[in-house]
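# Fold and contact review
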Amino acid sequence: MKNSFKNLSYPELKVKRDELKKKYMEFRFKLVIGHVENPLQKRTLRRQIARLNTLIHAHELAEKTGAAQ
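What counts as what
Residues numbered from 1 in each chain as written. Predicted model: local features only at pLDDT ≥ 70, side-chain atom pairs only at ≥ 80, totals over all residues. Heavy atoms only, no water. Helix = DSSP H or I, 4+ residues; strand = E, 2+ residues; numbered from the N terminus. Buried < 20%, exposed > 50% of the residue type's maximum accessible area, 1.4 Å probe, protein only. Core = buried A, V, L, I, M, F, W, Y, C linked by side-chain atoms within 4.5 Å. Contact = heavy atoms within 4.5 Å. Lys, Arg positive; Asp, Glu negative; His and termini not counted. Salt bridge = Lys/Arg side-chain N within 4 Å of Asp/Glu carboxyl O. Expected span 1.5 Å × (residues − 1).

Let us now look at the environment of threonine 44. You can see threonine 44 is positioned in helix 2 (residues 41-68). In this structure, the C-alpha to C-alpha distance between threonine 44 and tyrosine 10, residues 34 residues apart in sequence, is 22 Å.

Structurally, serine 9 is set in the segment before helix 1 (10-33). Accessibility expressed as a relative area gives 33% for serine 9, which makes it partly exposed. Spatially, the C-alpha atoms of serine 9 and histidine 59 are 9.0 Å apart, while their sequence positions differ by 50 residues.

Further remarks concern the nonpolar core. In this structure, Phe5, Leu13, Leu20, Tyr24, Phe27, Leu45, Ile49, Leu52 and Ile56 together form the largest nonpolar core, which totals nine residues. The set of elements that each furnish at least two residues to this core consists of helix 1 and helix 2. In this structure, tyrosine 24 is in contact with Lys42, Leu45, Arg46 and Ile49, ignoring residues within four places of it in sequence.

Along the chain, the position of lysine 22 falls in helix 1. Residue class for lysine 22 comes out exposed when judged on its relative accessible area of 56%. Expressed as a C-alpha distance, the spacing of lysine 22 and lysine 6, which sit 16 residues apart in the sequence, is 21 Å.

As for its placement among the helices and strands, arginine 17 is situated in helix 1. Aspartate 18 is the oppositely charged side chain nearest to the buried, salt-bridge-free arginine 17, at an N-O distance of 4.2 Å. Those residues within four positions of arginine 17 in sequence are excluded, and the remaining contacts are Ile49, Leu52, Asn53 and Ile56.

A word on helix 1. In this model, helix 1 (24 residues) spans 35 Å end to end at C-alpha, consistent with the 34 Å of a helix rising 1.5 Å per residue. The set of residues buried in helix 1 consists of Leu13, Arg17, Leu20, Tyr24 and Phe27. Where helix 1 terminates, the next one or two residues include glycine 34, which has phi positive at roughly 105 degrees.

Read these as geometric descriptors, not functional statements.
See the structure below:
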């Protein structure tokens, strides 16, 4: 799962990030209520969102540098 985001396009990355953010929020609510089977999933989701943010930022930088030249 670590490297499965690298071959996605920019719009697909943004959609996937939004999906994971929604899933993370739902997970946090479940965690507060106490109905979570795997509490380590919170860390996994947070890291996946961070990976997506990194790839999205790299795409944005590539657009800026490509447009500037």
